[in-house]
There are 2 protein chains.
Amino acid sequence: VKEAKRSALQQLLEELHPYDVAQLYRGLPEKHHHKFLTFLTSDQIADLIQELEYEMQIEILHKLGIERSSKVMNLMDNDDLADLLNELSADKIQEFLEVMRKEDSQKIRSLMSYPADTAGGLMNNQFVWIHVNQTVRQAVNKLKEYASFSENIYYLYVINEEKKLVGVVSYRDLLIADEDERIEDIMFSRVVSVSVDADQEEVAQTIERYDFIAVPVVDAQNTLLGIITVDDAIDIVIREANEDIEKLSASGKDIDFNTKATTASFRRLPWLILLLFIGLLSGSIISGFEETLDQVVALIFFMPMIAGMTGNTGTQSLAVVVRGIVTSDVDRKTVFKLIFRELRVGIIIGLTCGALILLVATLWIGSLTLGVVVGSSLLITLIVGTLAGTVIPLMLYRFGVDPAVASGPLITTINDIFSLMIYFGIATAFLSQLQHL
Amino acid sequence: VKEAKRSALQQLLEELHPYDVAQLYRGLPEKHHHKFLTFLTSDQIADLIQELEYEMQIEILHKLGIERSSKVMNLMDNDDLADLLNELSADKIQEFLEVMRKEDSQKIRSLMSYPADTAGGLMNNQFVWIHVNQTVRQAVNKLKEYASFSENIYYLYVINEEKKLVGVVSYRDLLIADEDERIEDIMFSRVVSVSVDADQEEVAQTIERYDFIAVPVVDAQNTLLGIITVDDAIDIVIREANEDIEKLSASGKDIDFNTKATTASFRRLPWLILLLFIGLLSGSIISGFEETLDQVVALIFFMPMIAGMTGNTGTQSLAVVVRGIVTSDVDRKTVFKLIFRELRVGIIIGLTCGALILLVATLWIGSLTLGVVVGSSLLITLIVGTLAGTVIPLMLYRFGVDPAVASGPLITTINDIFSLMIYFGIATAFLSQLQHL
């Protein structure tokens, strides 16, 4: 009976997608993990492992022991394997590489040498190449040979005598071509490729713009080194979006639902402590205007609104810049056009909100002078805030500074300081007319 | 000579990817657009049009005239066409649909009836289906017949007598199979599909998780209606990320580098005006504590810092929730775990920052009592701020309210109000000890 159950489960597992197997594995209590693994072939474990987080991947390698692990590793996509090994200690890496096939371990070593966020760090070697002089029949035969690992491949890459990439043929081209046609005659020769040191953002953009399923990675001599597939491009797009959101919210790197409280705290604290001291700067500006405040307490009532609004408009502009940089080509013309656009936006929203608050403040406090002070302050701070939210991140981007520095809270805090100086500056100028309040 | 030039240009255009042709078109001054179009076949215009923004698409239709336009429309992917028509006036839609092939116009009409952000609104009908009883040879022949439009297709869908979706075969499966094998024997029968009314987020998640190139869309009876391809999934991921950023920054819908200043202003103003009035609420809280402030002016110096820090920590938590909802499954257990985690984060950062400011405030103002008031206020506001940034968006999500309501500035503003009440509340309680300042 047990044997029958076992084979039924194995059959089920065979029909499931790796993602679903991984969901099953995650759902099991840890004590059953070892048992579960015995139901899977090395091939299935290789698929499963690629769907899991590093902690679980390492746990599996541990449970399998070095020998079975090396078998599984030989079956993994080598970009995923390189990423996994990068998470291990140098000793462990050495241990695993030694039991792998020499040829494989060399490839892994060279993959591990590329920075993780470049094409070299993302590419895998799960591609099939054919020679430009071969026929469709020969290509199909080669494909049948490589059938087991070519599962997720949709293009064949064509190389010439010097092993340079000269063309690409899709499976569809092979299917509808005549068996005796030469590859050279059916291939597409204007191949779009990415350089091995291209940034991951460029890789994702290339795949997205051309609607590719995969893009070949080449070195400076146009030798084919690997491919990057569209599923990696999706992961890059998600990762880049998360980075943008980290920038805008200064939320700290890589915090998700599973991050431990202490880890999450320590990732957020550096930003918070920096912002604490910048916040104190606002306080010291206010203390500089103590006399003005002492005489016109009502000025304080509008302080949070003015500082908040300036922060909000700055964040709105910042969001446009941060996302725009990802999807547009930023040249001098675009930059000036954008700054000019945001200037006009600042004027429009400044006039609208300024007029509104002039009315409200005049009615609330019963002083037209105060209304004018608050209204004109808001007009100016909104224009300055909008421009700061546009110009600061663009300048950082222009000078190649990590734009993470231009995080949302930082812009907000800078705008806080601007807005307080403008507001209290104007109020002090009108002080004699306000003193009766 | 002119003829030779023309044919050279046409050959070049033929070899370019649609994306590059679109870049060329965008780069040309408008007066040359008409001329440029005469170099392209209807097929190429259909490809070009799909890479352009709506404004340019409509401009092209205008330049081509109704007859040529309808030819081009017949060659477009019908999901792109439905999206384009949705941008036109009812009259124009009618006009175009009338000159199209009846069969096509009916399909377009039905596509246009699905909401744009559901599987139905995203799917296209550029798929090839085969019958479960056919052989590999028959399938390949069918494919050759559909060669011209099957360019970007990588799977064949298998249906049974009742036209239900029962399996899927990749081109690779066809290539490596024997010509006489039956489709039924080589197909994968555990097909993952999405329902026609599935949300776009679910569609993108399915494609991303299973690393699919395309996912079939079915109705409640499992009848195949269309497919959604991975390039659409990338677009969805980018759009969803942009929406999250809009939420976090309240930056207004769809503002990019090319949006006009007036349009951008009017999209941002509703939020800003709402936030203006909420900001005034903070002001009225302060005015409620006027007496306390009058007696201890130094309290004002720490106000921006406390309000700012509470806003920052709330935004940090909000960012984790907003991104987490996209990539994780949110169940009751996850929610409680997350809230408890953020509570602990709030305590850790509250204790750290509270201790720090106690020291700074005591030294700056020279009063340990004030240091204790500011420090304990920051401890409490950071805990409350962190929880508010976590609980509010989760509650909105739970009750199905559009989480766009929980935008970053809104959380910031709510936290502003909390922090002022806590800070001035504590200060008022200690008022008698503070009065000597």
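Summarised in this report is the structure supplied together with it. All residue numbers refer to position in the chain's written sequence, counted from 1. The naming scheme follows written order: chains are lettered A onward, ligands numbered 1 onward. Totals for whole chains, interfaces and linings use every residue, but because this is a predicted model, local features are given only for residues with pLDDT of at least 70 and side-chain atom pairs only at 80 or more, for both listing and counting. Excluded from the side-chain calculation are hydrogens and water; included are all heavy atoms of the structure.

1. Re the overall build of chain A
Part 1: The number of helices and strands found in chain A is 22 helices and six strands.
Part 2: Counting only C-alpha atoms, chain A reaches 95 × 55 × 40 Å along its principal axes.
Part 3: A burial count over chain A gives 52% of its 437 residues as buried.
Part 4: Only heavy atoms enter the contact rule, under which two residues are in contact if any of them lie within 4.5 Å. Pairs at least 24 apart in sequence give 66% of the contacts found in chain A among residues at least 6 apart.
Part 5: A 1.4 Å probe and the Shrake-Rupley method give the accessible areas. Residues count as covered only by the protein chains that appear here. When the accessible surface of chain A is split by element, carbon and sulfur atoms take 56% of a total near 19,300 Å². Helix numbers and strand numbers start at the N terminus; a helix is a DSSP run of H or I with at least 4 residues, a strand a run of E with at least 2. The rule is simple: take the accessible area with a 1.4 Å probe, protein chains only, and divide by the maximum for that residue type; under 20% is buried, over 50% is exposed, in between is partly exposed.

2. Let's talk about the environment of Glu 246 of chain A
Part 1: Residue placement: Glu 246 of chain A occurs in helix α14 (residues 230-249).
Part 2: For the pair Glu 246 of chain A and Gly 408 of chain A, spaced 162 residues apart in the sequence, the C-alpha separation amounts to 8.9 Å.

3. A closer look at the relation of the copies chain A and chain B
Part 1: The least-squares superposition of copies is restricted to C-alpha atoms, and to residues with a pLDDT of at least 70 in both copies. In the superposition of chain A on chain B (RMSD 0.3 Å, axial shift 0.1 Å), the rotation amounts to 180°. Classification of the inter-copy transformation places it as that of a two-fold axis.

4. A closer look at the interface of chain A and chain B
Part 1: At the interface, 114 residues of chain A touch 113 residues of chain B.
Part 2: When two components associate, each loses some accessible surface as probed by a 1.4 Å sphere; the sum of these losses over both components is called the buried area. Both sides of the chain A and chain B interface together cover about 10,100 Å² of buried area, and 72% of this is carbon and sulfur.
Part 3: Salt bridges, as used here, are contacts in which a Lys or Arg side-chain nitrogen is within 4 Å of a carboxyl oxygen on Asp or Glu. Applying the counting criterion to the chain A and chain B interface returns two salt bridges.
Part 4: Here Glu 342 of chain B and Arg 268 of chain A are joined by a salt bridge, their closest N and O atoms 2.9 Å apart.
Part 5: Pairs of N or O atoms are called polar contacts if they sit within 3.5 Å, as long as, within protein, a hydrogen donor faces a hydrogen acceptor (for residues adjacent in sequence, only side-chain-to-side-chain pairs). The tally of links between chain A and chain B comes to 10 residue pairs in polar contact (both at pLDDT 80 or more).
Part 6: If you tally residues by element for the side of chain A that touches chain B, the top one is helix α15 (residues 261-288) of chain A, at 19 residues.
Part 7: By residue class, the composition of the side of chain A that touches chain B is 65 nonpolar, 25 polar and 24 charged. Gly is put with the polar residues, along with every residue not named as nonpolar or charged; the nonpolar set is Ala, Val, Leu, Ile, Met, Phe, Trp, Tyr, Cys and Pro, and the charged set is Asp, Glu, Lys and Arg.

5. Comments concerning the pattern of salt bridges
All names here are of chain A.
Part 1: Taken as a whole, this structure holds 19 salt bridges over all chains when the rule is applied.
Part 2: In this structure, Lys 63 and Glu 59 form a salt bridge, with 4.0 Å as the shortest nitrogen-oxygen distance. Separated by four residues within a single helix, Lys 63 and Glu 59 lie in helix α5 (residues 54-75), roughly one turn from each other.
Part 3: Assessed through its relative accessible area of 23%, Lys 63 is described here as partly exposed.
Part 4: Asp 180 is the partner of Arg 137 in a salt bridge, and the nearest nitrogen-oxygen pair spans 3.0 Å. Here the residue Arg 137 occupies a position in helix α10 (residues 136-145), and Asp 180 occupies one in the loop between α11 (171-176) and α12 (183-186), the gap between them amounting to 43 residues.
Part 5: For Arg 137, a relative accessible area of 36% corresponds to the partly exposed category.

6. What about the sheet that holds strand β6 (residues 224-229) of chain B?
Part 1: The mixed open sheet is built from three strands, whose spatial order is β4-β5-β6 (chain B). Each end of this open sheet is capped by a strand with a single partner; those strands are β4 (194-195) and β6 of chain B. Think of it this way: DSSP has to see at least two bridges between two strands before they count as a pair.

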